[in-house]
Amino acid sequence: MDKLKLSTANLVILIAGVVMLISSFLAFNKFSTPSATIGSIHIGGTVSRNAWSSGYFLIATIPALIGIVMAAHVAVVAFASGVKLPDTVLGLTWNQIHLVLAFQATIMMVAFLIQSTSPLDKGIGLFGMLIAAIGLLVGAILRSREAPAVG
Amino acid sequence: MADRQSPTPAEITIMAAGAVMLVFSFLNFAGDTSAWGSHLFPIATLLPLYGLVMGLQIALTKFAGVKLPESVLGFTWEQVHLALGLMAGLMALGWLLTDYGDKQIGMWFEILGGIALVVGAVMLQRERNTGAIG
């Protein structure tokens, strides 16, 4: 692949992977109460946990790890010409691996979206990860429709 | 393709894992909630659903004589089993390492079932000589 020219599919995967990683550090769920300050004492406010927090790691971190793996593969193939990867892994081509991983990330994020979290609110990190997962799936589908490429 | 009447060890492993995961999905997963209960559905339900899909595909083609298409979205059925099995194993590992309160019998059997699905899917590759393993 040309070092300076990523295909649209690979660019989508790369961007989605970065968005996924950043979003995983933002609030996955949050709990807000009215806040007040009485003298020097502050009560209430918002408490949030991200995909790496206790209670969420590792199950909510899996989509983020999938995004990292997919983006890393695309980056290695595009920018590290010295690295030679096998054509298939466990009988699956790289296009198939991208499809499987992206499907898994998307189905998990849709599940997290549907899941009842009351009294917690869903945070921006969860929505960012959902959008990134859909991006990964779109990228994987586009990739599988492109002309066969090395890696 | 294996004989229609006698399931192979890999097929038995996948069907048994799928059945066990479905049954135990109705028992307590965490606290006093099952994998179908509020706050756990559908994220905890994905594991038994993967087991159900894999087990059903084997059972339908083996015992009911159902003819399914040769491939799905460019994946052979052996590849579908490998992909679902690996993803089930990944989620099993995810639940195993997640600090989600008290792990109940339902969660333990979902984790064991997820691992069994990986094992069954890998065995299936060998039995059907797909060339994916070894």
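Scoring rules and cut-offs
Residues numbered from 1 in each chain as written. Chains lettered and ligands numbered in written order. Predicted model: local features only at pLDDT ≥ 70, side-chain atom pairs only at ≥ 80, totals over all residues. Pairing = 2+ DSSP bridges. Helix = DSSP H or I, 4+ residues; strand = E, 2+ residues; numbered from the N terminus. Contact = placed C-beta atoms within 7 Å. Buried ≥ 20, exposed ≤ 12 C-beta atoms within 10 Å, placed from the backbone. pLDDT = per-residue confidence, 0-100.

**Brief notes about the sheet that holds strand S1 (residues 29–38) of chain A**
All names here are of chain A.
In step 1: Taken together, three strands build an open sheet; the order of strands is S2-S1-S5 and the sheet is antiparallel. A single partner strand is all that each edge strand has here, and the edge strands are strand S2 (41–49) and strand S5 (121–122).
In step 2: In terms of strand pairing, S1 meets S5 through two bridges, oriented antiparallel. Pairing of Asn-29 across the sheet is with Lys-122, part of S5.

**Notes on the interface of chain A and chain B**
In step 1: Taken together, the 20 residues of chain A in the interface contact 25 residues of chain B.
In step 2: With eight residues, helix H3 (residues 94–114) of chain A is the largest single contributor of residues to the side of chain A that touches chain B.

**Points about the pairing of S2(A)**
All names here are of chain A.
In step 1: In terms of residue burial, S2 counts as a barely covered element, since only zero of its nine residues are buried.
In step 2: With eight bridges joining them, S1 and S2 adopt antiparallel strand pairing. Looking at the pairing, Thr-37 lines up with His-42 of S2.
In step 3: The loop that links S1 with its antiparallel partner S2 comprises two residues; one of these, Gly-39, has a positive phi angle of about 65°.

**Comments concerning the confidence of the model for chain B**
Residue and element names in this part refer to chain B.
In step 1: Taken over all residues, the pLDDT of chain B has a mean of 94, while the share at 70 or more is 96%.
In step 2: Of all secondary-structure elements in chain B, the lowest mean pLDDT belongs to strand S3 (residues 71–72), at 94, while helix H1 (residues 9–24) reaches the highest, 98.
In step 3: Complex prediction metrics read pTM 0.92 and ipTM 0.93.

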